[in-house]
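# Descriptive structure summary
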Amino acid sequence: MSNELPVSNFIRHIIDTDLASGKRSAVQTRFPPEPNGYLHIGHAKAITVNFGLAQDYQGLCNLRMDDTNPEKEEDEYVQAIQDDVRWLGFDWSGETRFASDYFQQLYDYAEELIQTGKAFVCDLTPDEMRAYRGNFEVPGRESPYRARSVDENLDLFRRMKAGEFADGSKTLRLKIDMQSPNLNMRDPVIYRIKRAEHHRTGNDWCIYPMYDYTHCISDAIEGITHSLCTLEFEDHRPLYDWVLDNISIGNHPQQIEFSRLETLYVVTSKRKLKQLVDEQLVGGWDDPRMPTISGMRRRGYSPEGVRLFAQRAGVSKTPNVVDFSSLEGAVRETLEEASPRVMAVLDPIKVTLTNFDPATTGSRSAPFHPHHEEFGERLVPIARELYIERDDFAEVPPPKWQRLTPGGEVRLRYSYVIKCDDVVKDADGKVVELKCSIDPDTLGQNPVGRKVKGVIHWVSAEHAVEAEVRLYDRLFTEARPDAVRGDDGQYVDFKQFINADSLKVVTGYVEACVSDAAPETRYQFERLGYFVTDRYDHKAGGKPVFNRTVTLRDSWAKENG
RNA sequence: AGGGGAGUCGCCAAGUUGGUUAAGGCAUCGGAUUUUGAUUCCGACAUGCGAAGGUUCGAAUCCUUCUUCCCCUGCCA
């Protein structure tokens, strides 16, 4: 859990005011996803806000599946959503709720609305209804079926439920105001006939309630006090309130809207994410490049880091577009404290230590964390042949270079200072081996009379284990891949901006102590970044499989482009 | 006959019953420490609050006008 203090925001003001005035005596929130896709980074913020607020005010937060459209919703998603919320570190109040649990109550309230003359059965086709609705400039006209008697409406609605009418042939509508400038108030449909198998209620129902009607009542049934949602529902609030004001229900939660979170270089529309999965442009919903919660998990992001990011983004009504670097920064920050260090070489050059002597050349023990003794330590064995990173050697070094050069010296992390005496190349001129010599007086101490500034990581060729290492980069090359317009003014297909280099798989050499790591074990590979053993493909004792979560900050790379 | 929202540093975001020098985070730039060019630590970073007027001893906060951006015409959520 992050230790940052809650930041003041307008929702907290509302809650404070409600608590102070006695309007509310406790806080009850809810996170209400539709189980039609996987949760993404935007949902992570909504989850953090809803559960976080409940925690801060010693209240409760429910998890409710908004499952009123049987054509889109599946159990697979219900399961995944629950896993994601738990992984993020939150626990909901009681069982998972389902809007479908309230179908009977919803139906009963609908009959009540018919009885009080506030709802009617309408026979208009979708096209006719659209025409009657009018538009921004033109007021709507009342449906010719609006004047049906209570008895007729009741009879018709019951027969809708009984399955006497074809799909789409009739709807139940509220009688509000066809003149309203708010289109949501122009006699909105609250029930439609749809013969589709529901993931929970099967074929019990052939009529299904609409979101606007269902959501407010579900909130009220659950005793929600503050119903938080995104900005696009502001226009729906009058309808939310109208429904609760016109049925015999005791509780009236307050809907409060805040802006959704967006990050650059990703897409977060469920439809587009599904496209990436269906067209196999990524490995699945949990591909580590996906901005889904399960993707971030597999990438190695920590739940603490994701939460920290969400908290830092804040809660407001202004567009919440946050730099991707903010997410990475929050993740790094949590990983820095929590990850054991180990050395790995991902792009090796062989180094031969010409004066290596098994009798006198020693190995040191190194701590797993520079600031946390309790992480323990391990022996870092040295041998005649080593691997170092290709990037750490330059025949012609740029200015301020602190790494190995011909004739130059560098410190092997947790080992000796070495000097490069000879560069061996193949027929193409590619460096294939460096012959170096150890300064025997530099194990655990600085050389006398000179300073060696550079420190590089390395592994012993004979001791290290081979590992599959997946290097991830951003999925898109455009900051807003779904907002680029072509010459014709139309949006360009976002899939054109997929980064061809977003995944690179290499064979690396890692200290042997990682061999027995369980899946989802995080390490920092010194000087390279944070890596995690893959949730599925890594098996303890087998050839390790690592995903690069995020690189370390690198002011050198920054300076040198 | 349109309606609903929002504009405070590169990105977020406090601040709103008007009152001293406009919080904080991310990013950035300096510098110190460092056997990770990491971490950590210090320091810098809005005479300015979408614009213009006005009220006032005093305005990001009040008034007027203007302006930019976002959302809404599913029997989706």
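Residues numbered from 1 in each chain as written. Chains lettered and ligands numbered in written order. Predicted model: local features only at pLDDT ≥ 70, side-chain atom pairs only at ≥ 80, totals over all residues. Heavy atoms only, no water.

Under the convention used in this document: UniProt positions are given in the numbering used here, feature names are shortened, and annotations may be inferred rather than shown by experiment.
Naming follows an unreviewed UniProt entry, where chain A appears as Glutamine--tRNA ligase of Jeongeupia naejangsanensis. Of the comments in the UniProt record for chain A, the one headed Catalytic activity (unreviewed entry) reads "tRNA(Gln) + L-glutamine + ATP = L-glutaminyl-tRNA(Gln) + AMP + diphosphate". Under the UniProt heading Subunit (unreviewed entry), the note attached to chain A is "Monomer."

### As for the overall build of chain A
Applied cut-off: Labels follow the DSSP assignment, with helices taken as runs of H or I lasting at least four residues and strands as runs of E lasting at least two, numbered in each case from the N terminus. Atoms counted for the radius of gyration: C-alpha only. Globule rule: 2.2 Å times residue count to the power 0.38. Using a 1.4 Å probe on the protein chains alone, a residue whose accessible area is under 20% of its type maximum counts as buried, one over 50% counts as exposed, and one in between counts as partly exposed. Residues are treated as being in contact if the distance between any of their heavy atoms lies within 4.5 Å. Calculation of accessible area relied on Shrake-Rupley with a 1.4 Å probe; when residues are assessed, cover is drawn exclusively from the protein chains displayed. Positive: Lys, Arg. Negative: Asp, Glu. His and the chain ends are not part of the count. For this purpose, a charge sits on NZ of Lys, CZ of Arg, CG of Asp or CD of Glu.
Counting its regular elements, chain A contains 13 helices and 27 strands. In terms of overall size, chain A is more extended than a compact globule, its C-alpha atoms giving a radius of gyration of 31 Å where 561 residues would be expected to give roughly 24 Å. Each of the three principal axes of chain A carries a C-alpha extent, and together these read 100 × 55 × 40 Å. Counting only residues that meet the buried cut, chain A has 54% of its 561 residues in that class. For chain A, the share of sequence-separated contacts (at least 6 apart) that also reach a separation of at least 24 residues comes to 71%. Put simply, chain A shows about 25400 Å² of open surface, and 46% of that area lies on carbon and sulfur atoms. With 71 positive and 90 negative side-chain charges, chain A shows a separation of 2 Å between the mean positions of the two kinds.

### Details of the protein's contact with RNA strand B
For clarity, the threshold we go by: Nearness is judged by heavy atoms alone; a residue qualifies as near a molecule or strand once a single heavy atom is within 4 Å of it.
The environment of RNA strand B is made up of 77 residues, and the closest members are Glu137, Gln179, Ala313, Ser316 and Arg413. Restricting the count to atoms of RNA strand B within 4 Å of the protein gives a sugar and phosphate share of 61%. Elements that contribute at least two residues to the surface near RNA strand B include exactly helix 5 (126–133), strand 6 (189–193), helix 11 (303–313), strand 11 (320–322), helix 12 (324–338), strand 18 (409–412) and helix 13 (555–559). When residues in the surface near RNA strand B are grouped by element, the largest group, four residues, is from helix 5.

### As for the packing of aromatic side chains
What counts is decided by this rule: Working definition: rings of Phe, Tyr and Trp (its six-membered ring) pair if their centres are within 6.5 Å, and the pair is stacked with planes under 30 degrees apart, edge-to-face with planes over 60 apart, and tilted otherwise.
Scanning the entire structure with this criterion turns up 17 aromatic pairs. For the pair Tyr107 and Phe157, a centre-to-centre distance of 4.9 Å together with 15 degrees between the ring planes defines the contact as stacked. Residue Tyr107 is located in helix 4 (residues 103–115), and its partner Phe157 is located in helix 6 (residues 150–162); the two are separated by 50 residues in the primary sequence. Exposure class is identical for Tyr107 and Phe157. Each is buried.

### Details of the nonpolar core
Using the following cut-off: Residues enter a nonpolar core if they are buried and are Ala, Val, Leu, Ile, Met, Phe, Trp, Tyr or Cys, with the set joined through side-chain atoms within 4.5 Å.
Phe157, Tyr191, Tyr213 and Ile217 are the most contacted members of the largest nonpolar core, which totals 37 residues. Going through the elements one at a time, helix 4, strand 4 (119–122), helix 6, strand 5 (171–174), strand 6, strand 7 (207–209), helix 7 (211–221) and helix 8 (237–245) are the ones with two or more residues in this core. By residue number, the principal contributor to this core is helix 4, which donates seven residues. Residues Ala54, Leu63, Met65 and Phe98 belong to the second largest nonpolar core, which totals 36 residues.

### Brief notes about the packing of helix 4 against helix 7
The criterion, for reference: Between N-to-C directions, angles span 0 to 180 degrees; the directions come from axes that are lines fitted to C-alpha atoms, helices contributing only their stretch in contact. The labels follow the angle: roughly parallel below 35 degrees, roughly antiparallel above 145, roughly perpendicular from 65 to 115, and oblique for the rest. Should the near helix be turned anticlockwise from the far one by less than a right angle, the crossing is left-handed, and should it be turned clockwise, the crossing is right-handed. Residues are sorted three ways: Asp, Glu, Lys and Arg are charged, Ala, Val, Leu, Ile, Met, Phe, Trp, Tyr, Cys and Pro are nonpolar, and all the rest, Gly among them, are polar.
Closest axis-to-axis distance for the helix 4/helix 7 pair is 11 Å, and the angle between their directions is 110 degrees. One finds that helix 4 runs roughly perpendicular with respect to helix 7. In this structure, the crossing between helix 4 and helix 7 has a hand that is right-handed. Contact with helix 4, carried on its side by Gln105, Leu106, Tyr109, Ala110 and Leu113, involves Tyr213, Thr214, Ile217 and Ile221 of helix 7 and no other residues of that element. A per-class count over the contact of helix 4 with helix 7 returns seven nonpolar, two polar and no charged.

### Quick notes on the pairing of strand 18
Heads up, the rule is: In this description, strands pair whenever DSSP reports at least two bridges between them.
As judged from the three bridges shared by strand 18 and strand 19 (residues 417–425), these two strands associate in the antiparallel manner. Bridge pairing links Val410 to Ile418 in strand 19. Two successive antiparallel strands, strand 18 and strand 19, enclose a turn made up of four residues, where Tyr414 displays a positive phi of approximately 60 degrees.

### Describing the pairing of strand 26 (residues 529–533)
For strand 26, the buried fraction is high: five of the five residues fall into the buried class. Examined bridge by bridge, strand 25 (residues 522–525) and strand 26 share four bridges and lie antiparallel to one another. For Phe525, the partnering residue across the bridge sits in strand 26 and is Gly529. Between strand 25 and strand 26, which pair antiparallel in sequence order, lie three residues; one of them, Arg527, sits at a positive phi of approximately 70 degrees. In terms of strand pairing, strand 26 meets strand 27 (residues 545–551) through five bridges, oriented antiparallel. Bridge assignment links Tyr530 to a residue of strand 27, and that residue is Val550.

### As for the UniProt feature "domain: tRNA synthetases class I (E and Q) anti-codon binding" (unreviewed entry) in chain A
The positions that UniProt labels "domain: tRNA synthetases class I (E and Q) anti-codon binding" (unreviewed entry) are, in the present scheme, residues 455–534. Span residues 455–534 is 0% helix and 38% strand, its end C-alpha atoms 29 Å apart.

### Some points on the packing of helix 11 against helix 12
Helices that pack against each other are described as a pair by the angle of their axes relative to one another and the distance between those axes. At their nearest, the axes of helix 11 and helix 12 sit 8 Å apart, and the two run at 135 degrees to each other. Our classification of the angle between helix 11 and helix 12 gives oblique. Taken as a pair, helix 11 and helix 12 cross one another with a handedness that is right-handed. Residues Glu304, Gly305, Leu308, Phe309 and Arg312 of helix 11 lie in contact with helix 12, whose contacting residues are Ser326, Leu327, Ala330, Val331, Glu333 and Thr334. Here the contact of helix 11 with helix 12 is built from residues that sort into five nonpolar, three polar and three charged.

### So, unusual backbone geometry
In this model, Gln58 sits at a positive phi of 50 degrees, which is unusual for a non-glycine residue. Relative to the elements of secondary structure, Gln58 occurs in the loop between helix 2 (41–56) and strand 2 (60–65). Its relative accessible area of 73% is what places Gln58 among the exposed residues. A positive phi angle is found at Gln280, which is not glycine, with a value near 55 degrees. Note that Gln280 resides in the loop between helix 9 (270–278) and helix 10 (293–299). The class of Gln280 is exposed, set by a relative accessible area of 68%.

### A look at the sheet that holds strand 4
Across the sheet, which stays open at both edges, the four strands sit in the order 4-5-6-7 with antiparallel pairing between neighbours. One side of each edge strand has no neighbouring strand; the edge strands of this open sheet are strand 4 and strand 7. Strand after strand, the sheet turns through a mean of 20 degrees between neighbouring axes, direction not considered. The pairing of strand 6 with strand 7 spans three bridges and is classified as antiparallel. Looking at strand 7, one finds that Arg192 is bridged to Tyr208.

### Here's the deal with the side chain of Thr263
Within the secondary structure, Thr263 sits in strand 10 (residues 261–263). The buried category is assigned to Thr263, whose relative accessible area is 7%. Filtering out sequence-adjacent residues up to four positions away, Thr263 remains in contact with Ile41, Phe309, Val322 and Phe324.

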